[in-house]
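Read off the chains here:
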Amino acid sequence: MINKYTLIALIILLMPLKAISNSLTVGVIEYPPHIDFKNNIKSEKAYKYVHAVLERKFSDIKYIKYPTKRALAELKKGNIDLLYPIDDPFNKLNHLSNAFFYSTPGLCFKKQNFIPILSATHLFKKLAVGVPSGTKIVPTLEHSQANLINIKGTDSLNRGIELLRLGRLDALFHPNPIKLYNENNPLSKEIACSYFHGYSSEVHIATKPNMDKKTLKIIDNAFSIAQNETSYEYFFTQK
Amino acid sequence: MLKISFFILSLISTNYALALTHNIDKDSKKSELISQVAKTYQASMAFIFQNQPLINQQGVDKSQLFGQAFILNVKKTYQTKFNQDFPDQNSPVIKSLTQVMIEVMESNRTLLYDDDIAFKGFIPAIFAFQLSEKLSKKNIGVKIKFTSKPSQIRNQLNQPDFWEVDAMNKVQKLNLVSYFDDQASYLNKPAQRYFLPVKMQPFCLSCHGVPANNPLNAGKPEAQWSNIDRTGFPMENWTLNDFGGGISITFFEK
């Protein structure tokens, strides 16, 4: 027979375990217009959606804002449980089974040079198109007659934007131009982007490499049910 | 003994008849739904065409292009175009389709409100392609495509598959209003497929017609006319009621 002291000891022993399984650390990366660090992230739709799903399963959820490189390092070390929204073009990360949303690559132009429909590839002939290093370009562009210029360096995307603004490029390939061409970005006064529809890729909620199977299943199921009910992309359209 | 055999036989035949009726009923509902999806898609494209002036206009309120206001407009277009009520929005397929329409419009908001760009390129075919792409990600077992004959395709990602080529041939040869195939397959799984042909209408001709239809040539002497349309493609010289491809819908097992 278990006496009351043993029972209390058992409860005390089990309490931290329960607390651990109920707490979650979520890394958040800037991904305008879904998450914009200029705003309070709690007012952002991508935060609201994720939090509404997680708070049904976890009582203690901590969100930490990170620059992308640092976030990836923290995820790999297991210091954060989840990380989002994250593009993973080379499939190196563990992530939930359903995509969080989709991003579509495109070309950005100074507005006077804007090409609205990118399936009109004959218009790319001799166009100087900057391609930031490490980005995976779409076959349509690869097989076109555009003059592709590799932009090197650690900050090649921002360098590409500068070159475009200076008129040293006719266009810039961007893996997710919505980050640039959205109402909240002042750059969208100068630059406009169009999309390679048909080449969209998944944007994920990544999970840490050593996440225990039970927790992973709880989170994955919770998101699958929520996405079936209302997808994040539809939720994003709601005012 | 004879009575028992007769009784068993009549039971079997009743069950068979019931099952057959049930299947016919199920098939006719599927065929009705698939046709409603095609018409909804077509109505949304028609609305996008009708609103090209609003889409390309500067400094005006465009709220009619977004959210539930957009769906309301698609419903009205559907009713006017087909003289029928808009399908039940509680049907999961129609619900997904209308939600995806809202998503597509929202993802183009920055462009649609960009007053520095006079021609947005947000034409019906582009809207339809985005709609198809987004719907394909929803994992609901529905694929929609606006396609045409291989030699007539502008966007190579819209190339027809074998079934679609066959459907287009049948539609043209037999002059069919639409073509439904409940014994088709898609990705090696049983599927119901439907093709709704689209004839060239006046609004199609501004891009696919002859140079005289090209709005860029308006007011210019004929010697200066261009056969390149506003989207940057050479015009096809098609005329009213020419075959302009069609809407291909596939319902398949997930």
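(A) Molecular detail of the domain arrangement of chain A. All names here are of chain A. Once the domains are mapped, chain A shows domain 1 (4-101 + 202-237) and domain 2 (105-195). On a C-alpha basis, the centroid separation for the pair domain 1 and domain 2 is 32 Å. Contacts between domain 1 and domain 2 engage six residues on the former and eight residues on the latter. In terms of residue class, the side of domain 1 that touches domain 2 is built from four nonpolar, no polar and two charged.

(B) Representation of the interface of chain A and chain B within the structure. At the junction of the two partners, chain A supplies 19 residues and chain B supplies 24 residues. With three residues, the top contributor of residues to the side of chain A that touches chain B is helix α7 (residues 232-237) of chain A. Residue composition of the side of chain A that touches chain B, by class: nine nonpolar, seven polar and three charged.

(C) Structural context of the environment of Ile137(A). All names here are of chain A. Of note, Ile137 is situated in the loop between β7 (128-132) and α4 (139-142). The exposure class assigned to Ile137 is partly exposed, which follows from the 17 C-beta atoms found within 10 Å. Measuring from C-alpha to C-alpha, the distance between Ile137 and Gln112 comes to 24 Å, with 25 residues separating the pair along the chain. Discounting residues that sit within four places of it in the chain, Ile137 has contacts with Val131, Glu142 and Phe173.

(D) Looking closely at the packing of helix α3 (residues 67-82) of chain B against helix α4 (residues 92-107) of chain B. All names here are of chain B. Close contact between α3 and α4 brings their axes to 9 Å; oriented N to C, the two are set at 120 degrees. By the criterion of interaxial angle, the relationship of α3 to α4 is oblique. Here α3 and α4 pass one another in a crossing that is right-handed. Each of Gly67, Phe70, Ile71 and Val74 in α3 lies in contact with α4, whose residues at this interface are Thr98, Met101, Ile102 and Met105. Of the residues belonging to the contact of α3 with α4, the class tally is six nonpolar, two polar and no charged.

What counts, and where the lines are drawn
- Residues numbered from 1 in each chain as written.
- Chains lettered and ligands numbered in written order.
- Predicted model: local features only at pLDDT ≥ 70, side-chain atom pairs only at ≥ 80, totals over all residues.
- Domains from an automatic or database assignment.
- Contact = placed C-beta atoms within 7 Å.
- Nonpolar A, V, L, I, M, F, W, Y, C, P; charged D, E, K, R; others polar.
- Helix = DSSP H or I, 4+ residues; strand = E, 2+ residues; numbered from the N terminus.
- Buried ≥ 20, exposed ≤ 12 C-beta atoms within 10 Å, placed from the backbone.
- Axes fitted to C-alpha atoms, helices over the stretch in contact; angles between N-to-C directions.
- Parallel < 35°, antiparallel > 145°, perpendicular 65-115°, else oblique.
- Left-handed = near helix turned anticlockwise from the far one by under 90°.

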